[in-house]
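Structural overview
Below, each chain spelled out in residue letters.
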Amino acid sequence: MLKPIRTTVLVILRTVLLLVVVTAAYAAGDAWKTKPYTQWDEKDVSAVLHSSPWVKLNLPDLNSSQLSTAPLDNNGPGGASAPTGGSPSTAHGNPANATVAPTADTGDRPSAGGAAKTYNVFWWSARTIREALARQAVLKHETTPENAEKAVATVPDSYQVLVSSPDMAAIEARGEDALKDGAFLELKKAKKKIKPTIVAFQRSAGKVIGAVFIFSKKDESGAPLIEADEKQIDFNLRTAGIELRASFNPKQMADVQGPDL
(Lines give C-alpha, C1' and ligand atoms only; values in the text may rest on other atoms or scores of the structure.)
Protein backbone atom coordinates (compact mmCIF):
# COMPACT_ATOMS: atom_id res chain seq x y z
CA MET A 1 0.00 0.00 0.00
CA LEU A 2 2.92 2.31 0.56
CA LYS A 3 4.05 2.35 -3.06
CA PRO A 4 0.74 3.63 -4.52
CA ILE A 5 0.55 6.28 -1.81
CA ARG A 6 4.14 7.35 -2.50
CA THR A 7 3.40 7.52 -6.22
CA THR A 8 0.30 9.61 -5.60
CA VAL A 9 2.25 12.04 -3.43
CA LEU A 10 4.93 12.42 -6.09
CA VAL A 11 2.29 13.14 -8.73
CA ILE A 12 0.70 15.77 -6.49
CA LEU A 13 4.06 17.40 -5.75
CA ARG A 14 4.94 17.51 -9.43
CA THR A 15 1.55 19.04 -10.22
CA VAL A 16 1.99 21.69 -7.53
CA LEU A 17 5.50 22.49 -8.79
CA LEU A 18 4.19 22.84 -12.34
CA LEU A 19 1.45 25.19 -11.15
CA VAL A 20 4.01 27.29 -9.29
CA VAL A 21 6.19 27.56 -12.40
CA VAL A 22 3.22 28.45 -14.61
CA THR A 23 1.96 31.00 -12.09
CA ALA A 24 5.40 32.58 -11.81
CA ALA A 25 5.69 32.79 -15.59
CA TYR A 26 2.24 34.34 -15.78
CA ALA A 27 3.07 36.91 -13.12
CA ALA A 28 6.39 37.77 -14.73
CA GLY A 29 4.95 38.18 -18.23
CA ASP A 30 3.94 41.39 -19.93
CA ALA A 31 0.59 42.57 -18.63
CA TRP A 32 -0.82 43.08 -22.13
CA LYS A 33 -0.18 39.39 -22.84
CA THR A 34 -1.16 37.84 -19.53
CA LYS A 35 -4.33 39.51 -18.26
CA PRO A 36 -7.19 41.76 -19.37
CA TYR A 37 -6.61 45.49 -19.02
CA THR A 38 -9.44 45.72 -16.46
CA GLN A 39 -7.13 43.87 -14.05
CA TRP A 40 -4.08 46.06 -14.64
CA ASP A 41 -2.67 47.93 -11.67
CA GLU A 42 -0.59 51.12 -11.74
CA LYS A 43 2.62 49.17 -12.42
CA ASP A 44 1.04 47.44 -15.40
CA VAL A 45 -0.17 50.74 -16.83
CA SER A 46 3.26 52.25 -16.32
CA ALA A 47 4.91 49.32 -18.10
CA VAL A 48 2.67 49.81 -21.13
CA LEU A 49 3.35 53.54 -21.29
CA HIS A 50 7.09 53.31 -20.61
CA SER A 51 8.53 50.05 -21.87
CA SER A 52 6.10 48.35 -24.25
CA PRO A 53 6.70 47.82 -27.99
CA TRP A 54 4.32 50.70 -28.76
CA VAL A 55 6.47 53.31 -27.01
CA LYS A 56 9.88 54.79 -27.90
CA LEU A 57 11.20 57.20 -25.29
CA ASN A 58 13.96 59.81 -25.29
CA LEU A 59 14.75 59.57 -28.98
CA PRO A 60 17.34 62.16 -30.00
CA ASP A 61 16.80 64.83 -32.59
CA LEU A 62 19.37 63.59 -35.09
CA ASN A 63 19.78 67.14 -36.38
CA SER A 64 19.85 68.83 -32.96
CA SER A 65 22.93 70.86 -33.81
CA GLN A 66 20.72 72.87 -36.14
CA LEU A 67 17.80 73.03 -33.76
CA SER A 68 16.09 76.38 -33.48
CA THR A 69 12.79 77.24 -31.89
CA ALA A 70 12.36 80.36 -34.01
CA PRO A 71 9.78 80.21 -36.83
CA LEU A 72 11.35 79.09 -40.11
CA ASP A 73 10.57 80.45 -43.57
CA ASN A 74 6.85 81.17 -43.72
CA ASN A 75 5.89 78.40 -41.36
CA GLY A 76 4.76 79.97 -38.11
CA PRO A 77 3.00 78.11 -35.32
CA GLY A 78 0.44 76.27 -37.37
CA GLY A 79 -3.02 74.80 -37.26
CA ALA A 80 -6.16 75.21 -35.27
CA SER A 81 -6.26 74.15 -31.66
CA ALA A 82 -6.88 70.43 -31.40
CA PRO A 83 -9.19 69.23 -28.64
CA THR A 84 -7.79 67.35 -25.67
CA GLY A 85 -9.24 64.88 -23.21
CA GLY A 86 -10.38 61.28 -23.40
CA SER A 87 -8.52 58.58 -25.30
CA PRO A 88 -6.72 58.44 -28.64
CA SER A 89 -8.81 59.68 -31.50
CA THR A 90 -11.50 57.49 -32.99
CA ALA A 91 -12.00 59.53 -36.13
CA HIS A 92 -9.73 60.05 -39.12
CA GLY A 93 -10.65 63.72 -39.22
CA ASN A 94 -10.25 64.36 -35.49
CA PRO A 95 -6.83 62.93 -34.76
CA ALA A 96 -5.87 64.78 -31.59
CA ASN A 97 -8.78 63.98 -29.33
CA ALA A 98 -6.50 62.84 -26.54
CA THR A 99 -4.29 63.95 -23.73
CA VAL A 100 -0.62 63.12 -23.93
CA ALA A 101 0.28 60.01 -21.98
CA PRO A 102 2.24 60.39 -18.73
CA THR A 103 5.43 59.28 -20.44
CA ALA A 104 5.30 62.39 -22.56
CA ASP A 105 7.19 64.27 -19.86
CA THR A 106 10.16 61.90 -19.77
CA GLY A 107 12.11 63.66 -22.51
CA ASP A 108 14.99 65.97 -21.79
CA ARG A 109 14.07 69.31 -20.31
CA PRO A 110 15.02 72.44 -22.26
CA SER A 111 18.62 73.30 -21.49
CA ALA A 112 21.09 75.99 -22.40
CA GLY A 113 24.06 75.53 -24.68
CA GLY A 114 22.30 73.63 -27.46
CA ALA A 115 22.03 70.31 -25.62
CA ALA A 116 20.58 67.43 -27.62
CA LYS A 117 16.80 67.47 -27.74
CA THR A 118 14.82 64.29 -27.26
CA TYR A 119 11.27 63.26 -28.14
CA ASN A 120 8.90 60.48 -27.18
CA VAL A 121 7.02 58.59 -29.89
CA PHE A 122 3.89 56.51 -29.25
CA TRP A 123 1.96 54.24 -31.62
CA TRP A 124 -1.07 56.13 -30.41
CA SER A 125 -3.86 54.22 -32.15
CA ALA A 126 -2.93 50.86 -30.63
CA ARG A 127 -5.58 49.09 -28.59
CA THR A 128 -3.03 48.45 -25.82
CA ILE A 129 -2.21 52.14 -25.49
CA ARG A 130 -5.91 53.02 -25.43
CA GLU A 131 -6.48 50.38 -22.76
CA ALA A 132 -3.63 51.74 -20.64
CA LEU A 133 -4.99 55.29 -20.81
CA ALA A 134 -8.51 54.11 -20.02
CA ARG A 135 -7.34 51.97 -17.11
CA GLN A 136 -5.22 54.82 -15.79
CA ALA A 137 -8.27 57.09 -15.79
CA VAL A 138 -10.24 54.47 -13.86
CA LEU A 139 -7.47 54.00 -11.28
CA LYS A 140 -7.33 57.77 -10.81
CA HIS A 141 -11.13 57.88 -10.45
CA GLU A 142 -11.36 60.17 -13.47
CA THR A 143 -13.84 57.93 -15.27
CA THR A 144 -16.00 54.88 -14.66
CA PRO A 145 -15.14 51.35 -15.82
CA GLU A 146 -18.20 51.48 -18.08
CA ASN A 147 -17.05 54.66 -19.83
CA ALA A 148 -13.52 53.30 -20.10
CA GLU A 149 -14.85 50.18 -21.79
CA LYS A 150 -16.78 52.29 -24.30
CA ALA A 151 -13.68 54.33 -25.10
CA VAL A 152 -11.55 51.23 -25.67
CA ALA A 153 -14.23 49.60 -27.83
CA THR A 154 -14.19 52.52 -30.28
CA VAL A 155 -11.46 51.65 -32.79
CA PRO A 156 -9.70 54.45 -34.72
CA ASP A 157 -10.07 54.16 -38.48
CA SER A 158 -6.47 55.31 -39.00
CA TYR A 159 -2.98 54.62 -37.73
CA GLN A 160 -1.92 57.36 -35.34
CA VAL A 161 1.57 58.24 -34.12
CA LEU A 162 2.06 60.77 -31.31
CA VAL A 163 5.25 62.81 -30.92
CA SER A 164 5.65 64.60 -27.61
CA SER A 165 8.25 66.32 -25.47
CA PRO A 166 8.32 68.69 -22.49
CA ASP A 167 9.44 71.36 -24.95
CA MET A 168 7.47 71.29 -28.20
CA ALA A 169 8.54 74.77 -29.33
CA ALA A 170 10.63 73.51 -32.25
CA ILE A 171 7.80 71.26 -33.45
CA GLU A 172 5.23 74.02 -33.07
CA ALA A 173 7.42 76.48 -34.95
CA ARG A 174 7.41 74.29 -38.05
CA GLY A 175 3.63 74.14 -38.22
CA GLU A 176 1.32 71.24 -39.01
CA ASP A 177 1.65 71.51 -42.80
CA ALA A 178 5.46 71.37 -42.72
CA LEU A 179 5.35 68.41 -40.35
CA LYS A 180 2.94 66.61 -42.68
CA ASP A 181 5.27 67.17 -45.64
CA GLY A 182 8.30 65.95 -43.70
CA ALA A 183 6.88 62.80 -42.12
CA PHE A 184 6.40 59.26 -43.40
CA LEU A 185 6.17 55.62 -42.33
CA GLU A 186 8.74 53.39 -44.00
CA LEU A 187 7.85 49.71 -44.37
CA LYS A 188 11.04 47.66 -44.57
CA LYS A 189 9.64 44.42 -46.01
CA ALA A 190 7.18 46.06 -48.39
CA LYS A 191 9.80 48.67 -49.33
CA LYS A 192 7.33 51.53 -49.44
CA LYS A 193 6.66 54.80 -47.70
CA ILE A 194 3.33 56.08 -46.38
CA LYS A 195 2.73 59.79 -46.01
CA PRO A 196 0.39 61.15 -43.31
CA THR A 197 -2.96 62.56 -44.36
CA ILE A 198 -3.25 64.85 -41.33
CA VAL A 199 -1.04 66.27 -38.61
CA ALA A 200 -2.76 67.91 -35.67
CA PHE A 201 -1.34 69.61 -32.61
CA GLN A 202 -2.60 68.77 -29.16
CA ARG A 203 -2.89 71.79 -26.92
CA SER A 204 -3.36 72.36 -23.22
CA ALA A 205 -3.99 75.88 -21.95
CA GLY A 206 -2.95 77.14 -25.38
CA LYS A 207 0.39 75.32 -25.28
CA VAL A 208 1.30 72.59 -27.77
CA ILE A 209 1.93 69.38 -25.85
CA GLY A 210 1.98 66.88 -28.71
CA ALA A 211 1.63 66.33 -32.43
CA VAL A 212 -0.47 63.48 -33.81
CA PHE A 213 0.42 62.09 -37.25
CA ILE A 214 -2.47 60.34 -39.02
CA PHE A 215 -1.93 57.60 -41.62
CA SER A 216 -4.58 55.79 -43.65
CA LYS A 217 -5.01 52.08 -43.00
CA LYS A 218 -5.95 51.28 -46.61
CA ASP A 219 -4.95 52.41 -50.07
CA GLU A 220 -7.34 53.71 -52.71
CA SER A 221 -8.31 50.17 -53.72
CA GLY A 222 -9.15 49.25 -50.12
CA ALA A 223 -6.13 47.01 -49.62
CA PRO A 224 -4.24 47.24 -46.29
CA LEU A 225 -1.27 49.58 -46.43
CA ILE A 226 0.54 47.58 -43.74
CA GLU A 227 0.53 43.84 -44.39
CA ALA A 228 0.37 41.30 -41.58
CA ASP A 229 3.86 39.99 -42.38
CA GLU A 230 5.58 43.38 -42.11
CA LYS A 231 8.67 43.11 -39.88
CA GLN A 232 9.69 46.71 -39.24
CA ILE A 233 7.98 50.09 -39.46
CA ASP A 234 10.05 53.25 -39.14
CA PHE A 235 8.39 56.55 -38.30
CA ASN A 236 10.44 59.36 -39.82
CA LEU A 237 10.21 63.11 -39.39
CA ARG A 238 12.56 65.30 -41.40
CA THR A 239 11.81 68.97 -41.55
CA ALA A 240 13.80 72.22 -41.23
CA GLY A 241 16.40 71.33 -38.63
CA ILE A 242 14.56 68.40 -37.05
CA GLU A 243 15.27 64.76 -37.85
CA LEU A 244 13.54 62.07 -35.82
CA ARG A 245 13.32 58.31 -36.34
CA ALA A 246 11.48 55.66 -34.32
CA SER A 247 11.53 51.97 -35.26
CA PHE A 248 8.60 49.69 -34.39
CA ASN A 249 8.45 45.89 -34.64
CA PRO A 250 4.90 44.81 -35.61
CA LYS A 251 5.64 41.22 -34.56
CA GLN A 252 6.13 42.43 -31.00
CA MET A 253 3.13 44.76 -31.11
CA ALA A 254 0.54 42.20 -30.09
CA ASP A 255 -1.64 41.55 -27.05
CA VAL A 256 -3.96 38.73 -25.98
CA GLN A 257 -6.24 39.60 -28.90
CA GLY A 258 -3.52 39.49 -31.54
CA PRO A 259 -1.70 42.07 -33.69
CA ASP A 260 -2.23 45.61 -32.44
CA LEU A 261 -1.44 48.66 -34.56
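Every chain is numbered on its own, with residues counted from 1 as its sequence reads. Where local features are concerned, this predicted model is filtered to residues with pLDDT of at least 70; where side-chain atom pairs are given and counted, the filter is 80 or more; whole-chain, interface and lining totals use all residues. Hydrogen atoms and water are omitted, and side-chain values are computed over all heavy atoms in the structure.

**Description of the pairing of strand E7 (residues 207-216)**
- Partly exposed residues are those whose accessible area sits between 20% and 50% of the maximum for their type, while under 20% is buried and over 50% is exposed, using a 1.4 Å probe and protein chains only. Elements are defined by DSSP. Helices are runs of H or I of four residues or more, strands are runs of E of two residues or more, and each kind is numbered from the N terminus. The buried count for E7 comes to seven of 10 residues, which makes it a mostly enclosed element.
- The rule for pairing is simple: two strands pair if DSSP sees at least two bridges between them. As judged from the seven bridges shared by strand E6 (residues 198-204) and E7, these two strands associate in the antiparallel manner. Bridge pairing links Arg-203 to Val-208 in E7.
- Taking the residues that link successive antiparallel strands as the turn, the E6-E7 hairpin has two residues, and the phi of Ala-205 there is positive, at about 55°.

**Quick look at the pattern of salt bridges**
- Put simply, a salt bridge is a Lys or Arg side-chain nitrogen that is within 4 Å of an Asp or Glu carboxyl oxygen. Scanning the entire structure with this criterion turns up seven salt bridges.
- Ionic pairing is found between Asp-234 and Lys-188, a salt bridge with its closest N-O pair at 3.4 Å. Remark: Lys-188 occurs in the loop between strand E4 (183-187) and strand E5 (192-194) and Asp-234 occurs in strand E8 (residues 233-239); sequence separation between them is 46 residues.
- Owing to a relative accessible area of 36%, Lys-188 belongs among the partly exposed residues under this scheme.
- Linking Arg-245 and Glu-243 is a salt bridge whose minimum nitrogen-to-oxygen distance equals 3.6 Å.
- The class for Glu-243 is partly exposed, based on a relative accessible area of 25%.
- Because the salt bridges share partners, they merge into one network encompassing Glu-186, Lys-188 and Asp-234.

By themselves these figures say nothing about function.
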